[in-house]
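Architecture at a glance
The chain contents come next:
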Amino acid sequence: MRGNPFTTDGMDPAFALPLRRAVDHTEEPKKSAFCVTADLLIPGKGDPIKDGCIVISGTKITAVGTATSLAQEFSHLPKYHVKTVMPGLWDCHVHLLGLQKVAGPAFVESQQNMALSGARCARDVMLLLDAGFTSVREMAGYGLQIERAIQEGTLVGPKIYSANCIISPTGGHADIHDLPKPWYDDACAHGMPMATADGIPECLKAVRMQLRAGANVIKICGSGGVGSERDNPVDQQFSDEEIKAMVDEAARAQRIIGAHCHGKAGIMASLRAGVKTIEHGSYMDDEAADLMKEKGAVLVVTRLIVENGLVLGREMLSDIGYAKLLKVATAQWEALKIAIAKGVTCAIGTDSCGSIPGSEIVKQGLNGKELYYHVKAGMTPLQAIEAATANGPLTLGPQAPLAGQLKEGYDADFIGLDANPLEEIRVLAGPGHVTHVWRQGKCYKSPGHPVSIL
Ligand SMILES: [Zn+2]
């Protein structure tokens, strides 16, 4: 820690007091190669291995197998043992916004106090890492800026792939209907991560603005929403031509588009135009699920925000929003069951966006609950884990890293558990059973060493 008066680096010797560092996270990373053995190794894709072992060199996984098969070759390396080892989790639909209210003037107020939002997000990314999430796909928010703070070492958190602004038509889901438009435009001009665009030229410019900011994926509104006041989740937003223009523009820069879609019309139009991920997918029926498969698109259902909304009701939503949620919740549960039964590729996403310390619901770090809902809707625990690990990179198209699996050459992003998630998926629902977290080969959490920036 540079600048700490209790260490000797570069300091006046008068301040060089012998003091034990509280948490020494540098101990493990100094060893460039090590092994992790486990009673159970879940690779993310494929069959689990009993008494498994992975070998890590620097930031990459260099070997995967049984402990016996690798024992001799790597006997010289330091070893760590965990009960279960599996890839770090991916949440493919979060928002890092530092929100305590999801809609209305309170939402805008939080977005105009960005130091406040940033401070809340700093805690949120630590909660995510603590819960075993080593990667998140941030579908609008301050992710690009928070990622910069993580990369430079100011914060610790997951790798963030961000859309930057959500792009909406005027009056669409990400326009804030109860604000005068000039106020909305002013907030956007001062950094609120939202944009409206109408007609092909404005749509192209909106995509280019996100590319300019460094977005890894582009997020658009393919249908109306729940939290927005004056649109209908069933209706398509953006015309077929506008969606196609944005898909093509993103593709020229090797990005894919993820479309917020509840209603079927928006799902079908988005898929036909080449959108690669459908977010929410609430009114997906058999025909839409078949088109998902034909187009090789990925479904990110975000059931957790819906379940949270049902619990919190008007604490979280307006009367209009809650009425919409009740309809969407029923439809979406059927859609998820259809998608799973038909074998649509699913990735885990939660739409988690709240930052309320002390809340047992509105916070980051409970994102693993999403796997439970997918199992309840028909997935096996192993399928849900694949959706939360190996399928994560599929939501990034050409921007995907080699990650999400315990596989030779892949990023050394993995976690240790003190339980078997194939027997009880809820062990992934929070940080309690996540004993270890490694990201890029570096250990950020181990027993007695909580996730910390100090
Ligand atoms: Zn969202």
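Owing to the predicted nature of the structure, the values given are computational and were not obtained by experimental measurement. (Residues numbered from 1 in each chain as written. Predicted model: local features only at pLDDT ≥ 70, side-chain atom pairs only at ≥ 80, totals over all residues. Heavy atoms only, no water.)

1. Observations concerning the sheet that holds strand E5 (residues 89-99)
Strand pairing within a sheet occurs via backbone hydrogen bonds; the two strands may be parallel or antiparallel. Let me state the cut-off plainly: Any two strands with at least two DSSP-identified bridges between them are counted as paired. Note on conventions: DSSP H or I runs of at least 4 residues are helices, E runs of at least 2 residues are strands, and numbering of each starts at the N terminus. All axes here are fitted lines through C-alpha atoms, helices being fitted over the stretch that makes contact, and every angle between N-to-C directions spans 0 to 180 degrees. Contacts are residue-level and defined by heavy atoms, with any inter-residue pair within 4.5 Å sufficient.
The strand order across the open sheet built from four strands is E7-E6-E5-E14, with neighbouring strands paired in parallel fashion. Each edge of the sheet is formed by a strand with only one pairing partner; in this case those strands are strand E7 (159-162) and strand E14 (352-354). Here the strands of the sheet are splayed against their neighbours by 30° on average, with no regard to which way each runs. Relative to E14, E5 runs parallel, the two sharing two bridges. Counterpart to Leu99 in the pairing with E14 is Gly354. Across the face of the sheet, helix H3 (residues 114-130) comes into contact with E5, strand E6 (133-138), E7 and E14 while running at roughly 155° to E5.

2. Some points on the side chain of His93
Put simply, the test is: Only protein chains enter the accessibility calculation, which uses a 1.4 Å probe; a residue whose area is less than 20% of its type maximum is buried, one above 50% is exposed, and one in between is partly exposed. Pairs of N or O atoms within 3.5 Å make up the polar contacts considered here, provided that, within protein, one atom can donate a hydrogen while the other can accept it, and that residues adjacent in sequence are counted only when both atoms are side-chain atoms.
Summarising the element assignment, His93 is placed in strand E5. A relative accessible area of 0% means that His93 is categorised as buried. Here the side chain of His93 touches Glu279 through a polar contact of 2.8 Å, side chain to side chain. In this view, His93 contacts Arg137, Met139, Lys219, Glu279, His280, Val300, Thr302, Ile348, Gly349, Thr350, Asp351 and Ser352; residues no more than four positions away in its chain are not counted.

3. Here's the deal with the layout of surface pockets
Heads up, the rule is: Each cavity reported here is a set of points on a 1 Å grid over the protein atoms alone in which a 1.4 Å probe fits but cannot get out, each pocket an open set with protein on both sides within 12 Å along at least five of seven lines, and each lining residue one with an atom within 4 Å of a point. Grid points are joined across faces, edges and corners, and a volume is the space filled by probe spheres set on the points. For this classification, Asp, Glu, Lys and Arg are treated as charged, while Ala, Val, Leu, Ile, Met, Phe, Trp, Tyr, Cys and Pro are nonpolar and the rest, including Gly, are polar.
Considering only enclosed or pocket space, the second largest pocket measures out at about 370 Å³ in volume. Forming the walls of the second largest pocket are 21 residues, and the residues nearest its centre are Cys165, Met194, Ala195, Met209 and Gln210. Breaking the lining of the second largest pocket down by element, the ones donating at least two residues are helix H5 (181-189), strand E9 (194-196) and helix H6 (199-213). Top element by residues in the lining of the second largest pocket is H6. It accounts for five residues. Of the residues contributing to the lining of the second largest pocket, the split by class is twelve nonpolar, six polar and three charged.

4. Digging into helix H10 (residues 303-312)
Counting along an α-helix, one turn takes 3.6 residues, and residues three or four places apart therefore face a common direction. Judged by how many residues are buried, H10 sits mostly within the fold: eight of ten residues are covered. For H10, the complete set of buried residues consists of Arg303, Leu304, Ile305, Val306, Glu307, Asn308, Gly309 and Leu312. Along its buried surface, H10 packs onto helix H11 (319-342), E14 and helix H12 (369-376). The first or second residue beyond H10 is Gly313, which carries a positive phi of 55°.

5. What about unusual backbone geometry?
For Phe238, which is not a glycine, the phi torsion comes out positive at approximately 60°. Note that Phe238 resides in the loop between strand E10 (218-221) and helix H7 (240-252). The backbone phi angle of Gln254 is positive, close to 60°, even though this residue is not glycine. Residue placement: Gln254 occurs in the loop between H7 and strand E11 (257-261).

Keep in mind these numbers describe shape, not what the thing actually does.
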